[in-house]
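Secondary and tertiary structure notes
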Amino acid sequence: MRALCWHGKGDVRVDTVPDPRIVNPRDAILKVTSTAICGSDLHLYDGYIPGMHSGDVLGHEFMGEVVEVGPGASHALKVGDRVVVPFNIACGNCFPCQSQLYSACDNSNPAEKADASEIAYGYAMTGAFGYSHLTGGYAGGQAEYVRVPYADVGPLKVPDGMADDQVLFLSDIFPTGYMAAENCDIEEGDTVGIWGCGPVGLFAIKSAFLLGAHRVIAIDHYPRRLELAKEAGAEVLNYHEVKVREALSEMTGGRGPDSCIDAVGLEAHGFSPDNVIDEIKTIAKLATDRPHVFREAIMACRKGGTVSVPGVYGGFADKIPIGAFMEKGLTIRTGQTHTHRYMARLLEHVQEGRIDPTFLISHRLPLEEGPEGYRMFKGQQNECTKVVLKPH
Amino acid sequence: MHQTEQKSTDANVHPTAFIGEADEAGPHDANSIRAVTIGRPRQELYAFWRDFRNLPRFMENVKSIELLESGRSRWVVAGPGGKDVEWVSVVTEDVPGERIAWRAEAGGDIDHEGWIEFRDAPPRRGTEVRVFISYDPPAGTVGKLVAKVMQREPRVQARRELRRFKQLMETGEVTTSKAPDAAPRA
């Protein structure tokens with residue numbers, strides 16, 4: 001089959017690779033009909049994520065048609081079902097999964113892959129598609145076919161009559177934006193400040209309003225993204241033009257936003273584990289994460305408010321205003337998205353017309369033009385908001 | 001340094017965790033303990049482990065376990081550098097539902113001993129499983145480094161096998177991202 005493979009920094013190519021096969025009883029094989037490039041994929045593209053091997057298939061936002069089902073998943077899926085798949089892999093059986101903390105699944109990272117992240121983080125990372133051997137080395141979905149483990153737990157069936165474009169983002173960015181907003185514990189009259197108007201930030205804006213926010217103030221510097229944020233109902237600030245904290249203070253009558261969402265995350269320096277890890281071949285000495293937005297969110301947030309962090313961080317950060325955090329009595333809520341928890345609920349929002357996720361898609365390309373898609377997404381962040389690839 | 005001072009650490013924690021005492025924590029040079037919590041009943045986990053014929057289902061490098069008489073079993077395991085390693089194991093303690101201890105008989109390729117304990121975890125968590133391994137690293141410190149890089153060092157192996165044991169018991173499968181012909185046995 002054809003698949004988009006990582007070969008090094010700035011080097012992704014569509015190669016012919018072996019088709020995936022059923023390995024474990026609960027597996028299914030999907031024929032991929034739509035798959036998106038994520039902002040996090042750019043970290044891989046830029047060579048910042050350790051644990052990548054040349055030839056790894058990328059892609060964690062995907063959906064398609066079931067073409068094969070193992071006996072352990074046949075009670076849940078059948079050949080021909082159309083499904084969208086969460087980007088992280090959850091077994092459904094362990095204590096975290098049973099507690100709906102799906103992004104903390106104990107079992108989805110293979111035993112021999114789990115060492116690296118256990119050394120880096122104290123506990124092994126949970127498995128995910130197409131995102132380095134730290135998360136298990138699973139082939140991703142920017143391909144014609146993909147193997148889906150625990151297929152009786154992850155995949156969500158797509159109702160007839162809904163186009164791929166309407167549901168694809170249930171795989172990652174819509175639940176991510178939604179969980180970020182949910183983590184703000186929005187109450188009547190609340191103002192939510194959102195840094196970053198990329199896909200996650202935009203879904204966070206829409207989700208904040210769905211969850212009852214009175215106002216959303218959104219911050220970015222790309223004009224096109226600010227335009228989309230405004231269309232989503234936010235009041236927008238360009239941080240190249242205004243002093244953000246001053247503006248936020250004035251706009252909120254001196255209180256500060258009731259909650260602040262950091263939808264930016266680490267800036268460009270990538271994951272930076274403390275020690276050089278034996279098993280990771282590509283890691284050199286990496287700089288610490290640069291948490292500009294995280295610091296600003298803590299400083300801007302009202303006393304007693306919440307800082308919600310969907311933005312990905314990987315390593316260590318200097319000069320966190322922990323004094324402000326403590327003295328203002330803030331709550332920080334964060335984590336990889338518990339995607340499985342939200343998909344059905346958000347599908348309903350789409351079906352009922354409360355949100356149309358297709359607003360985000362700026363480009364649709366065949367899989368064969370995937371490398372161009374990466375170049376565009378990285379190099380033209382104003383015009384290119386989301387690239388969707390169609391492998392068939 | 002002998003303990004002339006009374007320790008105030010009262011918690012039930014294994015000697016391997018005490019600063020500067022890992023070397024004396026067992027009869028051999030390398031000692032380690034590893035714990036994992038599995039959401040299955042204690043008796044079920046004990047019974048599964050005690051039938052050693054089940055172990056190759058999640059112990060990736062175990063090529064075969066042949067049951068002999070009187071709690072003895074012959075193990076053939078893939079060792080460092082692709083060479084097979086073999087020993088006869090003897091069960092030295094067997095407390096049903098709680099503890100199994102074993103020791104490698106003299107004359108085998110790796111001199112080691114260990115135990116596994118099963119304890120009820122706090123409510124809603126299932127069972128806490130602890131595995132202790134004490135062994136002499138192959139061919140000294142250099143051998144230990146080589147073995148670790150080759151990912152066959154017993155301590156690393158034990159860590160991985162406990163993860164796989166948990167996966168198998170909780171999900172019914174051994175988790176893998178490899179192609180079918182490279183997958184561990186399930």
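Here the structure is a predicted model, which means the values were calculated and not measured.

In terms of regular secondary structure, chain B is built from three helices and seven strands. Each helix (α) and strand (β) of chain B, taken in turn from the N terminus, gives the series β-α-β-β-β-β-β-β-α-α. The 186 residues of chain B split such that 30% are buried. Considering only contacts within chain B whose residues lie at least 6 apart along the sequence, 42% involve residues at least 24 apart.

Further remarks concern the packing of helix α5 (residues 173-182) of chain A against helix α11 (residues 339-351) of chain A. All names here are of chain A. With their axes 9 Å apart at the nearest point, α5 and α11 run at an angle of 100° to one another. In terms of orientation, α5 lies roughly perpendicular with respect to α11. In this structure, α5 contributes Phe174, Pro175, Tyr178 and Met179 to the contact, and α11 contributes Thr339, Tyr342, Met343 and Leu346. Looking at side-chain class alone, the contact of α5 with α11 contains seven nonpolar, one polar and no charged residues.

Taken as a whole, chain A is organised into domain 1 (2-172 + 337-390) and domain 2 (175-334). On a C-alpha basis, the centroid separation for the pair domain 1 of chain A and domain 2 of chain A is 24 Å.

We now examine the sheet that holds strand β12 (residues 259-262) of chain A. All names here are of chain A. Pairing is parallel across the open sheet formed by six strands, whose spatial order is β11-β10-β9-β12-β13-β14. The open sheet has two free edges, formed respectively by β11 (235-238) and β14 (331-334), since each of these has just one partner strand. Taken pair by pair, the neighbouring strands of this sheet meet at an average axis angle of 20°, ignoring direction. Looking at chain direction, strand β9 (residues 191-195) and β12 are connected through four bridges and run parallel.

So, on to the packing of α5 of chain A against helix α6 (residues 199-210) of chain A. Residues and elements named next belong to chain A. Direction vectors running N to C along α5 and α6 enclose 55°, while the axes themselves pass 7 Å from each other. Relative to α6, the element α5 is oriented oblique. Viewed along their axes, α5 and α6 form a crossing whose handedness is right-handed. Contacts between α5 and α6 involve Ile173, Phe174, Thr176, Gly177, Tyr178, Ala180 and Ala181 from the first element and Pro199, Val200, Leu202, Phe203, Ala204, Ser207 and Ala208 from the second.

Our focus in this paragraph is the confidence of the model for chain A. Should pLDDT be low for a region, the predicted coordinates there are not to be read in detail. Across chain A, the average pLDDT comes to 93, with 94% of residues at or above 70. The low-confidence segment residues 268-286 of chain A (pLDDT under 50) makes 42 contacts with residues lying over four places distant or belonging to another chain.

Bring the parts together and some accessible area is lost; that lost area is often taken as the interface size. Contacts between the two partners involve 24 residues from chain A and, on the opposite side, 20 residues from chain B. A total of four residues in the side of chain A that touches chain B trace back to one element, the largest contributor, which is helix α3 (residues 111-121) of chain A. Here the side of chain A that touches chain B is composed, by residue class, of 10 nonpolar, eight polar and six charged.

Turning our attention to the nonpolar core. Ranked by size, the top nonpolar core spans 108 residues in total, and within it Ile194, Ala204, Ile205, Val216 and Ala218 of chain A carry the most contacts. For this core, the leading source of residues is α6 of chain A, giving seven residues. Core analysis: the second largest hydrophobic core is formed by 20 residues, Val131, Phe132, Ile133 and Ala158 of chain B among them.

The complete set of buried residues in helix α12 (residues 370-379) of chain A reads Gly370, Gly373, Tyr374 and Phe377 of chain A. End-on view of α12 of chain A: buried residues confined to an arc of 100°, all on one side of the axis.

The next point concerns the environment of threonine 37 of chain B. All names here are of chain B. Along the polypeptide, threonine 37 turns up in strand β1 (residues 30-38). The class for threonine 37 is partly exposed, based on 16 C-beta atoms found within 10 Å. As for threonine 37 and glycine 20, which are separated by 17 residues in sequence, their C-alpha atoms are 27 Å apart. Apart from the residues lying within four places of it in its own chain, the contact partners of threonine 37 are Ala121, Arg125, Gly126, Thr127 and Glu128.

Residue and element names in this part refer to chain A. One non-glycine residue, serine 132, lies in the positive phi region at around 80°. With respect to the helices and strands, serine 132 occurs in the loop between α3 and β7 (145-148). Classification of serine 132 as buried rests on a count of 26 C-beta atoms within 10 Å. Positive phi values are uncommon outside glycine, yet aspartate 185 reaches one of about 50°. In this structure, aspartate 185 sits in the loop between α5 and β9.

All names here are of chain B. Pairing is antiparallel across the open sheet formed by seven strands, whose spatial order is β1-β7-β6-β5-β4-β3-β2. Looking along the sheet, the strands with just one partner apiece sit at the ends: β1 and β2 (62-67). Neighbouring strand axes in the sheet, compared pairwise and without regard to direction, differ in orientation by 20° on average. Contacts between helix α1 (residues 42-50) and the sheet are confined to β1, β5 (99-104), β6 (112-120) and β7 (127-135), with β6 contributing the most and set at about 155° to the helix. Most of the contacts of helix α3 (residues 154-171) go to β1, to which it runs at about 15°, and overall it touches β1, β6 and β7.

Bringing the pairing of strand β13 (residues 306-309) of chain A into the picture now. Residue and element names in this part refer to chain A. Burial along β13 is two-sided: Thr306 and Ser308 and Val307 and Val309, pointing in opposite directions, are all buried. Direction of pairing for β12 relative to β13: parallel, over a ladder of three bridges. Paired with isoleucine 261 across the strands is serine 308, a residue of β13. The sheet contact formed by β13 and β14 spans four bridges and is parallel. In the strand pairing of β14, valine 309 is matched with threonine 334. With helix α10 (residues 322-327) bridging β13 and its parallel neighbour β14, the resulting β-α-β unit is right-handed.

Conventions we followed
Going along each chain's sequence as written, the residues are numbered from 1 onward. Chains and ligands are labelled by the order in which they are written, letters from A for the one and numbers from 1 for the other. Only residues with pLDDT of at least 70 are given local features in this predicted model, and only at 80 or more are side-chain atom pairs given and counted; all residues enter the totals for whole chains, interfaces and linings. Runs of E in the DSSP output that reach at least two residues are strands. Runs of H or I that reach at least four are helices, and both are numbered from the N terminus. Working definition of burial: number of other C-beta atoms within 10 Å of the residue's own, with buried at 20 or more, exposed at 12 or fewer, and partly exposed in between, all C-beta atoms being placed from the backbone. Each residue gets a C-beta atom placed from its backbone, and two residues are in contact if those atoms lie within 7 Å. With axes taken as lines fitted to C-alpha atoms, and helix axes fitted only over the stretch in contact, angles between N-to-C directions fall between 0 and 180 degrees. When describing relative orientation, an angle under 35 degrees is termed roughly parallel and one over 145 degrees roughly antiparallel, while 65 to 115 degrees is termed roughly perpendicular and anything else oblique. Residue polarity follows a fixed list, in which Ala, Val, Leu, Ile, Met, Phe, Trp, Tyr, Cys and Pro are nonpolar, Asp, Glu, Lys and Arg are charged, and the others, Gly among them, are polar. The domain boundaries here were taken from an automatic or database domain assignment. Any two strands with at least two DSSP bridges between them are considered paired. Working rule for handedness: look at the near helix, and if it is turned counterclockwise from the far one by less than a right angle, call the crossing left-handed; if clockwise, right-handed. The pLDDT value expresses, per residue, how confident the predictor is, ranging between 0 and 100. Put simply, a nonpolar core is a cluster of buried Ala, Val, Leu, Ile, Met, Phe, Trp, Tyr and Cys residues tied together by C-beta atoms within 7 Å. Arc, as used here, means the arc of the directions from the helix axis to the C-beta atoms. Every crossover in which the path from the first strand over the helix to the second runs clockwise, viewed with the strands pointing away from the viewer, is termed right-handed.

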